[in-house]
Amino acid sequence: MLELALTHRSFAYESGGIPTNERLEFLGDSVLGLVVTEELYKYFPELDESRLSPLRSGVVNMRALATIARELTLGEYLRIGKGEEATGGRDKNSILADSLEALVGAIYLDHGFTKTAEIILQWFRPMIAAAKEQGLGLDGKTALQELAAANGLSAPEYEISESGPDHDKSFTAVAILSGERFEVGSGKSKREAEQAAARLAYDALDARTS
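Residues numbered from 1 in each chain as written. Predicted model: local features only at pLDDT ≥ 70, side-chain atom pairs only at ≥ 80, totals over all residues. Heavy atoms only, no water.

Novice: Where do I start with the nonpolar core in this structure?
Specialist: Soluble, globular proteins show a tendency: their nonpolar side chains are buried together. If you look at the biggest cluster of nonpolar residues, it comprises 33 residues, and the most contacted ones within it are Val36, Leu100, Ile120, Trp123 and Phe124. Looking at this core, the elements with two or more residues in it are helix H3 (22–43), helix H4 (49–59), helix H5 (62–71) and helix H7 (93–131). When residues of this core are assigned to their parent elements, the largest contribution, 15 residues, is made by H7. Apart from residues lying up to four places away in sequence, Val36 is in contact with Val59, Val60, Ile120, Phe124 and Ile128. The next biggest cluster of nonpolar side chains, apart from the first, holds 16 residues, and it includes Ala148, Tyr158, Ala197 and Tyr202. (Core = buried A, V, L, I, M, F, W, Y, C linked by side-chain atoms within 4.5 Å. Buried < 20%, exposed > 50% of the residue type's maximum accessible area, 1.4 Å probe, protein only. Helix = DSSP H or I, 4+ residues; strand = E, 2+ residues; numbered from the N terminus. Contact = heavy atoms within 4.5 Å.)

This is the structure in structure tokens:
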């Protein structure tokens, strides 16, 4: 199970199509999300969903996962292909983050939810404790505005569309930063759609600048 969790698709391809860690990564992502979400829910009882959601995105993201993977020296044990090895794959944020999620999936299958949650919280509790002070609990639009400013981008603008009858309207929004359009967010109100679009843009920009 551990060997599978450490097998990147580049190694699998060069080895004739053996199984990769991607299924474990898929499982581990869900387990990790649930554990951290529950901890945030208990740790910050005063925060509503609009602040908990960006807070979670600030705690569980590629950069945070890669940081923990480096603390575990996970990169040393990865099975990666020669091409990835040559381009520094063992220290790439994306590969480290995905491999950590795969490791979580393997631990979950081997030891169950309770033990896995204990391990995850050992890794993430310091980040959770520091998250609010770092401003990660801000609503999505404010968090995106601050991240954009930190990266020298223009203030976010939002393009809103609506559909449906008056009694049951749906709204979509797109965040635009320095001319770049990000993923579409949706909601039952303009504010909800804008917040969803802001969170999507925040996640994409944060991953890019990590």
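We are not done yet, so read on.
Novice: Would you mind showing me how to read the packing of aromatic side chains here?
Specialist: For any pair of aromatic rings, the description consists of the separation of the ring centres together with the inter-plane angle of the planes. Tallied over the full model, the rule gives one aromatic pair. When the centroid spacing of 4.8 Å and the interplanar angle of 75° are considered together, the rings of Tyr43 and Phe44 count as edge-to-face. Classification of Tyr43 by relative accessible area gives partly exposed; the value is 42%. One cation-aromatic arrangement involves Lys141 over Tyr158; the distance from NZ or CZ to the ring centre is 5.0 Å. (Phe/Tyr/Trp six-rings, centres within 6.5 Å; stacked < 30°, edge-to-face > 60°. Lys NZ or Arg CZ within 6 Å of the ring centre and 35° of its normal.)

Novice: Explanation requested: the pairing of strand E3 (residues 180–187) in the structure shown.
Specialist: Sheet faces and side chains relate simply in a regular strand, where the side chains alternate between the two faces. As paired strands, strand E2 (residues 170–177) and E3 are joined by six bridges and run antiparallel to one another. Counterpart to Ala173 in the pairing with E3 is Gly185. Adjacent in sequence and paired antiparallel, E2 and E3 are bridged by two residues, among which Ser178 carries a positive phi angle near 50°. (Pairing = 2+ DSSP bridges.)

Novice: What am I meant to see in the packing of H3 against H7 here?
Specialist: Interaxial distance between H3 and H7 falls to 8 Å at its minimum, and their mutual angle equals 40°. Compared by their axis directions, H3 and H7 come out oblique. The interaxial crossing formed by H3 with H7 has right-handed handedness. The residue inventory of the contact of H3 with H7, partitioned by class, reads 21 nonpolar, three polar and six charged. (Axes fitted to C-alpha atoms, helices over the stretch in contact; angles between N-to-C directions. Parallel < 35°, antiparallel > 145°, perpendicular 65-115°, else oblique. Left-handed = near helix turned anticlockwise from the far one by under 90°. Nonpolar A, V, L, I, M, F, W, Y, C, P; charged D, E, K, R; others polar.)

Novice: Is there a simple way to think about the sheet that holds E3 in this case?
Specialist: Sheet strands pair via backbone hydrogen bonds, and the direction of the pair is either parallel or antiparallel. Here three strands make up an open sheet; going across it, the order is E1-E2-E3 and the pairing antiparallel. For this open sheet the edge positions go to strand E1 (157–163) and E3, each flanked by a neighbour on one side alone. When strand polarity is set aside, the average angle formed by the axes of neighbouring strands in this sheet is 20°. Both E1 and E2 contribute to a ladder of seven bridges, which runs antiparallel. Opposite Ile160, over in E2, you have Ala173 as the bridge partner.

Everything listed here is a matter of coordinates, which is why it stays silent on function.
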